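Structural features, examined
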Amino acid sequence: MKTPSKLNPFSRNSSSPSDKFVMNRRRALGLAAGAAAATFAGSSLTACAKEGGGSGGYKVAMIVPTYDAVRWKAADGPFFIQEAQALGMNPMPIQSSNNDVDLQLKQVENALNQGIEGLVLAPVNVDAAKAMVQMANSAGVPVIAHNYVVPEAKLAGVSARDGIALGEMLGAAMVAMAPEGNYAIAKGEEGTDMAQLKAEGGMNILKPMIDSGTIAVVSDQWNRAWSGDLAQKQIEQALTISGNQLAGVLSYCDCMTYGIVQAIRAQGLAGKIIVSGEDCEPEMLKLILGGDAHVSAWTAFDQMGRNSAQLLFNALEGKSWDGDTYDNGSGETIPFFKTPLRNVTKDGALPDSISVAQFVDENPWWTTPAAVGL
């Protein structure tokens, strides 16, 4: 067995809502979802599920926290369905919980009542999800934790990214472009394991320069629900504190970066402060091409969806696992399917990065050249 991941399983999570920008996130979602729909021959998630995986296939379900973020509707969901069908399983329509823990609990109950044999769960709140996993286990239904890890619960697998590695990768890109000066760090929802892990990874990179005095952090703040409005206020205050002398803003989500860019533009500093994000949403890629932002970290959400389907199928088939494992405090070794990571910059010149043009070319299901301004 390989060494368990460094990911921390013992923190809470609430998923991220939408935030406004010049082109709001709902339009960005529409662009990505439209590209995904074209890839799937115009099929809706429900239509895909109704086609099924053939007679006799395992009846399975995937429940995601929200459709506000582009990824859930355009990537994780449809690629889970595609892979589940390819494996001969019969996936139900993807369900979104609208960031509502109580609704997600009811959705799990309903799916179990409909006789599902396997469940992929991306929790609204990982602590609240413990009861959902236990409920499924009591019914003999294996559960794959998707994107977020449910602590101290009996899971059949974890499909996620390495949050610390992502934070380190994004932090390294930032210091390559802004090696000294004042920094602001815009962190996400404090109650999410991913926000904490990404922040830890980024600080692993920044700390030696902070200790040496090369970089000074003038603002380091959690932003509830990954809010772009709160991130905008944070950076407005950071600009005031520093006398508009910011070298970089390390942001861990595109949804926060939209508000951050607004704050920077208001001071006439567009393009002069290095700004990061994560998820490579179409609007963020436009900002990178225009010079208002500089790097966004990409997780292959399509692959994450496929990985969850594969893990679930393995659990239902009783297949062994010889890949990475994860310790969530349950006392059992859990299969861990890691999702690849990459940075995306304007020209792809930084280590661990590709250009926006290459990214769009490699991911036509996610966005198009016209959507990002190429």
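Residues numbered from 1 in each chain as written. Predicted model: local features only at pLDDT ≥ 70, side-chain atom pairs only at ≥ 80, totals over all residues. Heavy atoms only, no water.

Looking at an unreviewed UniProt entry, the protein carries the name Substrate-binding domain-containing protein, with the source organism given as Rhodococcus ruber.

**As for unusual backbone geometry**
What counts, and what does not: Put simply, DSSP marks the helices as runs of H or I at least four residues long and the strands as runs of E at least two long, and each gets a number from the N terminus on.
Backbone geometry places N147, a non-glycine residue, at a positive phi of 75 degrees. Mapped onto the fold, N147 is located in the loop between β5 (143-146) and β6 (157-160). A positive phi angle, near 55 degrees, is found at C280, a position not held by glycine. Within the element layout of this structure, C280 appears in the loop between β10 (274-278) and α10 (282-290).

**Points about the sheet that holds strand β8 (residues 215-222)**
Test applied: A strand pair is defined by DSSP finding two or more bridges across the two strands. For helices, the fitted line uses only the C-alpha atoms of the stretch in contact; every axis is such a line through C-alpha atoms, and the angle between N-to-C directions lies from 0 to 180 degrees.
Reading across the sheet, the seven strands line up as β8-β7-β9-β10-β11-β14-β15 and stay open at both edges, with mixed pairing between neighbours. Each end of this open sheet is capped by a strand with a single partner; those strands are β8 and β15 (353-355). Put simply, the sheet's adjacent strands are angled 20 degrees from each other on average, direction ignored. Here three bridges tie strand β14 (residues 341-345) to β15, and the two strands are oriented parallel to one another. By the bridge assignment, T345 is partnered in β15 with S355.

**A look at the pairing of β14**
Regular strands have side chains that alternate between both faces of the sheet. Where strand β11 (residues 295-299) and β14 come together, five bridges link them in antiparallel fashion. Bridge pairing in β14 places S296 opposite V344.

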